[in-house]
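Results of the structural survey
The residues making up each chain are set out below.
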Amino acid sequence: MTQHPDLADPLRPQPDPGGAGPVAGGAVTRRRLLGVSAGAAAAGVLAGAGGAYAATRDSQPSSPAADPLDAEVAFRGEHQPGITTPAQDRMHFVALDVVTKNPDELKAMLTAWTKAAERMMLGGEAAPGGVVGGGPYNVPEDTGEAYDLPPSNLTITIGYGPSLFDGRFGLKGKKPQGFEDLPAFKGDDLDPARCGGDIAIQACANDPQVAVHAVRNLIRIGFGTVSVRWSQLGFGRTSSTSRSQPTPRNLFGFKDGTANVKAEDTERLDQHVWVQPGDVPGGAAWMSSGSYLVARRIRMHIEVWDRTHLQEQELVFGRDKLEGAPLGQKGEFTPVDFATKSADGGPAIDMAAHVRLAHPENLGGVEILRRGYNFTDGSDGLGHLDAGLFFIAFCRDITRQFVPMQRALAAKDRLNEYIEHTGSAVFACPPGLAEGKDWGAQLFG
Amino acid sequence: MNRTTTAALALGTALLAAGCGGGASDAGAGGKGPITVQATDSECKVGRAEAPAGTVEFTVQNTGSKINEFYVYGEGDRVMGEVENISPGLVRKFHVQLDEPGTYETACKPGMKGKGIRAAFTVTGSSAAPKSDDAKLTAATASYQRYVGSQADALLTETTAFVTAVKAGDVAKAKTLYPEARKYWERIEPVAESFGDLDPKIDGREDVVDEGMKFTGYHRLEKDLWVDGLQKDSNDIADTLLADVKNVVAQAKSVKLNPLQLANGSKALLDEMATGKITGEEERYSHTDLYDFAANFEGSKSAVAALRPVLQERDPELVKAIDAKVAALDALITKHQKGDGYKLYTDLSKAEVKELSTALDATSEQVAKIAGVVAQA
């Protein structure tokens, strides 16, 4: 999979590496680029009408004005995009139920999705000539709202829920062993309307319109075959999945994902994220090099949090708010030393602090790759924002990785006082596709 | 997928016309042969930039390193034909039907994206368009107009009975007759509501009528019968309703429709279901929404049935797809029958409503394609 190791995010304040001010420069660049793009495209049309050969901006991806935020991510490769791809800023996630009883219809839809997804990740229409090419009396095959927008690092990632393997489609024998819905955790307040699903699509991009367009057009292709079960928008990444990215903050104002497994840690990825051939013998072999996705919609009681004093906030997380350094230590990326004492002789990091409970050192070495997004879904009718974290994690084995971690957190995390898990789902995300392959054949064989 | 099918069908029709002495027979064999296109990552060399009207054959060779596509565009970027997913090194042949003389554009799209590398392409000679299948389309509109006429007659009969019961103060009987009369209105709704200001008077809802306009018609009487009890002016409302319905019926029976209106009507009825009925807002006092739902659907099916011979000829795959989705929705509606009518909408669970909505979406996606097929000349 092609990565963009040099992908810095000029829209975010970040340590100045000693050069042009990235904040102002970035903000202007993005707007200016759109103007340039439109002009170049128009020139292409004119030249074409005059009979000359003219390449548009799209055939010159290496033009000096190119903004890495607008670039394209490779669709094909060993693993699916959207897992170790440097986390984009926006997300649209949708879980679908399969409504057809005909496996052929499901397979055909997955094949059609592959084609549309590959086109859209390149910045193209969902179908050739999709916006106006069908002429005045046909319904456009592409909804059009992303027509003038660059690829914006769009990634489309697909996953299958345990319910897809229940025998409706002859897929029972392909279900990976132990792949089940999550057990109940202490304190869960799950809304059935935000849980489960046969198929999931995760679309991430640096432009929200590009992500929504991708999901919307795939849903259209699926009408009659699948039906939307639930959907979630996310507006700000809460993890970095590459060392090239600064650590973002969650809605509690704390840096999140400091110790995340990152794209550059290939050994840790094989150990904790990518399903290995030996994990999925027999009929489940299609999942080799795939990864399991855990989605949890975590409502944050931000109003209560916001009236909590700083010391309590830092006690809850176990890190300082400004730098993200472990309490009692210095520097965000300093390995956490849980033996550090505070001035009064007690542990600097509380025994029930979030960072202590979630740390691999206290979980028998278990790690996961987090890729969540902040959300606000309007208000709750009680004068509060319905805000929180749409937690997404990728791992190699849910039962051995996510479940013990969440058990430990659910049992005593100080953060529980301020959060509530309101949605839950797991999906098996197949490996990436080689040239000429598609999702339908990959699953049904 | 649909477009490929229809393009192939259009080609078939053209060849047929050519065999009968049409002007397209020499398009491919006029000594010039197929047009070669050399596509690279940065160039799109089209061997010849003009062809006589009719079927034009292109041979596209991808000598670049990216997956490529080749398009022929008509006015307004309408895709006349395309060949997708040409891997590096591959040669692909394709035929495109360019029946009308004029200026077109060719385009290669290295990497399958953007507006592509464009060039002008001229089609010469006189129009090679096959004659549209007038007879079948005329039969379709005639058949649907007969349907509209018969429903309009029944609408008048049933509304007369309903109005009579209201004026006799027989609330129980009026409540039974109400959904029956509404049924005929809903079946021909796109036609019935096309006559200017009659629709809001007959079918307006309390929150939808224009400012300053009185709340009248079926829904005002619905409210009287189910919520407020008959009012002092209920009789006047009933009289006006009957007069307005008579007016609509007369117009509906003499309306002249074209095939495209039929196609759009079949979709409009499904849209009515998706926006007004599935929400339970249309019959908010009587909760007889399922009667309307079923009636809209019957009306849509009638329009599709009238067009069926044309669709069957031009796009049999679409007919198959529509049949499958219509059958699924039919089965769901039948599930909610109760006696001679339907369950109250408020008796449906949220899951049952979602099931209806999902089946309706599936049907609408297919029915929406009819207009494009009907419009093919």
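These numbers come from a predicted model, not from an experiment.

Our focus in this paragraph is the overall build of chain B. Counting secondary structure elements, chain B contains twelve helices and eleven strands. Taking all 377 residues of chain B together, the buried fraction comes to 51%. Long-range pairs, those at least 24 residues apart, make up 68% of the contacts in chain B with a sequence separation of at least 6. As displayed, chain B has an accessible area near 16,100 Å², and 53% of this comes from carbon and sulfur atoms.

Further remarks concern the sheet that holds strand S3 (residues 50-52) of chain B. Residue and element names in this part refer to chain B. Overall, mixed pairing links the five strands, which are arranged S3-S9-S8-S5-S6 in an open sheet. Each edge of the sheet is formed by a strand with only one pairing partner; in this case those strands are S3 and strand S6 (79-86). Adjacent strand axes in the sheet meet at a mean angle of 20° when their direction is disregarded. In this structure, S3 lies alongside strand S9 (residues 117-124), joined through three bridges in parallel fashion. Residue pairing for S9: Ala 51 is matched across the bridge by Val 123.

This next bit is on helix H3 (residues 171-187) of chain B. Spanning 17 residues, H3 of chain B covers 25 Å between terminal C-alpha atoms, matching the ideal 24 Å at 1.5 Å per step. Bending of H3 of chain B peaks at approximately 30° at the position of Leu 177 of chain B, with proline Pro 179 of chain B no more than four residues after it.

Residues and elements named next belong to chain A. Evaluation of the coordinates by the stated rule reveals eight cavities of 30 Å³ or more. A volume near 700 Å³ is recorded for the largest cavity. Taken together, 39 residues line the largest cavity, and the ones lying closest to its centre are Asp 256, His 354, Ala 358, Arg 370 and Leu 409. Of all the secondary-structure elements, those providing two or more residues to the lining of the largest cavity are strand S6 (291-300), helix H7 (354-358), strand S9 (385-395), helix H8 (402-412) and strand S10 (419-429). A per-element tally of the lining of the largest cavity places H8 first, with five residues.

Next up on the list: the confidence of the model for chain B. Residues and elements named next belong to chain B. For chain B, mean pLDDT is 86; residues scoring 70 or higher make up 89% of the total. Within chain B, helix H6 (residues 217-228) carries the highest mean pLDDT (97), whereas helix H1 (residues 2-19) carries the lowest (33). For residues 1-31, every residue scores under 50 in pLDDT, and the model assigns this stretch 34 contacts once sequence neighbours within four places are set aside. Per the prediction output, this complex has pTM 0.80; the corresponding ipTM is 0.73.

This brings us to the pattern of salt bridges. All names here are of chain B. One pass over the full model with this rule turns up 56 salt bridges over all chains. The salt bridge involving Glu 180 is made with Lys 183; its shortest N-O contact spans 2.9 Å. In this pair, Glu 180 and Lys 183 both sit in helix H3, three residues apart, roughly one turn of the helix. On the basis of relative accessibility, which here comes to 23%, the residue Glu 180 falls in the partly exposed class. Three or more residues joined by partner-sharing salt bridges are found here, namely Arg 182, Glu 186, Glu 189, Asp 203, Arg 205, Glu 272, Lys 277, Glu 281, Glu 282, Glu 283 and Asp 292.

A few words on the state of the cysteines. Here the structure, examined in full by the defined rule, presents one disulfide over all chains. Two residues, Cys 44 of chain B and Cys 108 of chain B, share a disulfide whose sulfurs are 2.0 Å apart. Taking the sign of the torsion about the S-S bond as the criterion, the disulfide between Cys 44 of chain B and Cys 108 of chain B, at about 60°, is right-handed. Pair noted here: Cys 44 of chain B is in strand S2 (residues 44-46) and Cys 108 of chain B is in strand S8 (residues 102-108), with a separation of 64 residues, a long-range link. Of the cysteine sulfurs around Cys 204 of chain A, a residue in no disulfide, the closest is that of Cys 429 of chain A, at 11 Å.

Below, the discussion takes up the pairing of strand S1 (residues 35-39) of chain B. All names here are of chain B. Alternating positions in S1 separate cleanly, Ile 35, Val 37 and Ala 39 being buried on one face and Thr 36 and Gln 38 remaining unburied on the opposite face. Bridge analysis of S1 against strand S4 (residues 54-62) gives five bridges, and the strand direction is parallel. For Thr 36, the partnering residue across the bridge sits in S4 and is Thr 59. Pairing analysis gives three bridges linking S1 to S2, with the strands arranged antiparallel. Residue pairing for S2: Ala 39 is matched across the bridge by Cys 44. Turn length for the S1-S2 hairpin, with the two strands adjacent in sequence and antiparallel, is four residues.

Our focus in this paragraph is the interface of chain B and chain A. Contacts between the two partners involve 39 residues from chain B, matched on the other side by 40 residues from chain A. Where chain B abuts chain A, roughly 3,200 Å² becomes buried across the two surfaces, and 52% of that area is made up of carbon and sulfur atoms. Along the contact surface separating chain B from chain A lie four salt bridges. Put simply, Glu 84 of chain B and Lys 115 of chain A hold a salt bridge, and the shortest N to O gap is 3.2 Å. At the surface where chain B touches chain A, the tally comes to eight residue pairs in polar contact (both at pLDDT 80 or more). When contributions to the side of chain B that touches chain A are tallied by element, the ones reaching two or more residues are S2, strand S5 (68-73), S6, S9, helix H11 (350-367) and helix H12 (370-375) of chain B. If you tally residues by element for the side of chain B that touches chain A, the top one is H11 of chain B, at five residues. Taken together, the residues that form the side of chain B that touches chain A break down as 15 nonpolar, six polar and 18 charged.

Moving on to the domain arrangement of chain B. For an interface, size is often stated in terms of accessible area lost upon the parts coming together. Domain boundaries assigned for chain B yield domain 1 (13-124) and domain 2 (134-375). For domain 1 of chain B and domain 2 of chain B, the distance between their C-alpha centroids amounts to 46 Å.

Leu 110, Trp 113 and Ile 199 of chain A are the most contacted members of the largest nonpolar core, which totals 77 residues. Ranked by residues supplied to this core, first place goes to helix H2 (residues 103-121) of chain A with eight residues. Formed by 73 residues, the second largest nonpolar core is a distinct cluster that contains Leu 198, Val 326, Ile 333 and Val 367 of chain B.

Let us now look at the packing of aromatic side chains. Residues and elements named next belong to chain B. Applying the stated criterion to the full structure yields 28 aromatic pairs over all chains. A centroid spacing of 6.0 Å and a plane angle of 75° characterise the contact between Phe 70 and Phe 94, whose relative ring orientation is edge-to-face. Note that Phe 70 is positioned in strand S5 and Phe 94 in strand S7 (residues 91-98), a separation of 24 residues in sequence. We classify Phe 94 as buried; its relative accessible area is 7%. A cation over a ring is seen here: Lys 109 above Tyr 71, with NZ or CZ 4.1 Å from the ring centre.

What counts and what doesn't
Residues numbered from 1 in each chain as written. Chains lettered and ligands numbered in written order. Predicted model: local features only at pLDDT ≥ 70, side-chain atom pairs only at ≥ 80, totals over all residues. Heavy atoms only, no water. Helix = DSSP H or I, 4+ residues; strand = E, 2+ residues; numbered from the N terminus. Buried < 20%, exposed > 50% of the residue type's maximum accessible area, 1.4 Å probe, protein only. Contact = heavy atoms within 4.5 Å. Areas by Shrake-Rupley, 256 points an atom, 1.4 Å probe, with all protein chains shown as cover. Pairing = 2+ DSSP bridges. Axes fitted to C-alpha atoms, helices over the stretch in contact; angles between N-to-C directions. Expected span 1.5 Å × (residues − 1). Bend = angle between axes of the 7 residues up to and from the residue. 1 Å grid on protein atoms, 1.4 Å probe; cavity = no way out; pocket = protein on both sides within 12 Å on 5 of 7 lines; lining within 4 Å. Points joined across faces, edges and corners; volume = space filled by probe spheres on them. pLDDT = per-residue confidence, 0-100. Salt bridge = Lys/Arg side-chain N within 4 Å of Asp/Glu carboxyl O. Disulfide = S-S within 2.5 Å. Buried area = accessible area lost by both parts, 1.4 Å probe. Polar contact = N/O pair within 3.5 Å; in protein donor to acceptor, adjacent residues only side chain to side chain. Nonpolar A, V, L, I, M, F, W, Y, C, P; charged D, E, K, R; others polar. Domains from an automatic or database assignment. Core = buried A, V, L, I, M, F, W, Y, C linked by side-chain atoms within 4.5 Å. Phe/Tyr/Trp six-rings, centres within 6.5 Å; stacked < 30°, edge-to-face > 60°. Lys NZ or Arg CZ within 6 Å of the ring centre and 35° of its normal.

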